[in-house]
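# Commentary on secondary and tertiary structure
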Amino acid sequence: RILRGWFGEKKTTFNMWLSLNAETYRRFHDVIIPAKNGTTQIDHLLVSTYGLFIVEKKNIKGWIFGSENQPKWIQSLYGKNYSFQNPIRQTFRQKKILSEYLNIDESIIHTVIFFVGDCKFKTQLPPTVIRSGLGRYIKQFCNPILQPEEINRIVGLLENHMSESSLTTRDHVRSLRERHSSTTV
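Just so it is clear, the model here is predicted, and its values are computed rather than measured.

### Things to note about the sheet that holds strand S5 (residues 72-77)
Read from one edge to the other, the open sheet built from four strands follows the order S6-S5-S4-S8, with strand pairing classed as mixed. In this open sheet, the two strands that pair with only one neighbour each are strand S6 (80-85) and strand S8 (119-121). Ignoring strand direction, the axes of neighbouring strands in this sheet form an average angle of 30°. For S5 and S6, the ladder comprises six bridges, and the chain directions are antiparallel. Bridge pairing in S6 links glutamine 75 to tyrosine 82.

Shown next, in the form of structure tokens:
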């Protein structure tokens, strides 16, 4: 499972490297941001004149069943069903926390869920959930909405956070467990 996750991460990074100009789209990978109630982890974050892009990568095989409003989606593989968190809800939370952390309006943050595994969507999913064409999806946003000064401010905040933060994946997993086992709202 760890190897599959690592491979999916590298495949997504390579896909972005090939299809998106690094000068136009500043890239951050595995960003862990503190929040009032724990942390959030963003697989890939792009900063550009066209806004910010949260890319949630899922490396899952089999049939995928879900809807925008279901808390859990289903992976059906070799006759067995496995549930996983609705990634649309996941990116909704990431967007809220990122907006607050960077002090920017949520409307300039775009989210996309990118499935890199050999899977097939068996239910109608929103256009923000894709299996291919990540670069093409991101490039469809072509109206400039951020000025260079604001891009530099955001990139500076993220670079500073990434270099100085002591948050680790282990901290994030602990935060998730605490948040999901909490009995408070």
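Okay, back to it.
### A few points about the sheet that holds strand S3 (residues 51-58)
Strand order in this open sheet of five strands is S1-S2-S3-S7-S9, and the pairing throughout is mixed. Every other strand in the sheet has two partners, leaving strand S1 (26-35) and strand S9 (129-130) as the edge strands with one partner each. Of the pairings in the sheet, the one linking S3 to strand S7 (residues 109-115) comprises seven bridges and is parallel in character. Across the sheet, residue isoleucine 54 finds its bridge partner in S7, namely threonine 111. Sitting on the sheet, helix H2 (residues 87-102) is in contact with S1, strand S2 (38-48), S3, S7 and S9, with an inclination near 145° to S3.

Definitions and limits used
What you see as residue numbers is a count from 1 along each chain, following the sequence as written. Only residues with pLDDT of 70 or above have their local features reported here, since the model is predicted, and side-chain atom pairs are shown and tallied only from 80 upward, although totals for entire chains, interfaces and linings are computed over all residues. Based on all heavy atoms of the structure, the side-chain values leave hydrogens and waters out of the count. In short, DSSP must find at least two bridges between two strands for them to pair. Secondary structure elements are defined from DSSP: runs of H or I of at least 4 residues count as helices, runs of E of at least 2 residues count as strands, and each element is numbered from the N terminus. For helices, the fitted axis covers only the stretch in contact; all axes are lines through C-alpha atoms, and the angles between them, taken along N-to-C directions, range from 0 to 180 degrees. Residue contacts are defined here by distance: any two heavy atoms, one from each residue, within 4.5 Å place the two residues in contact.

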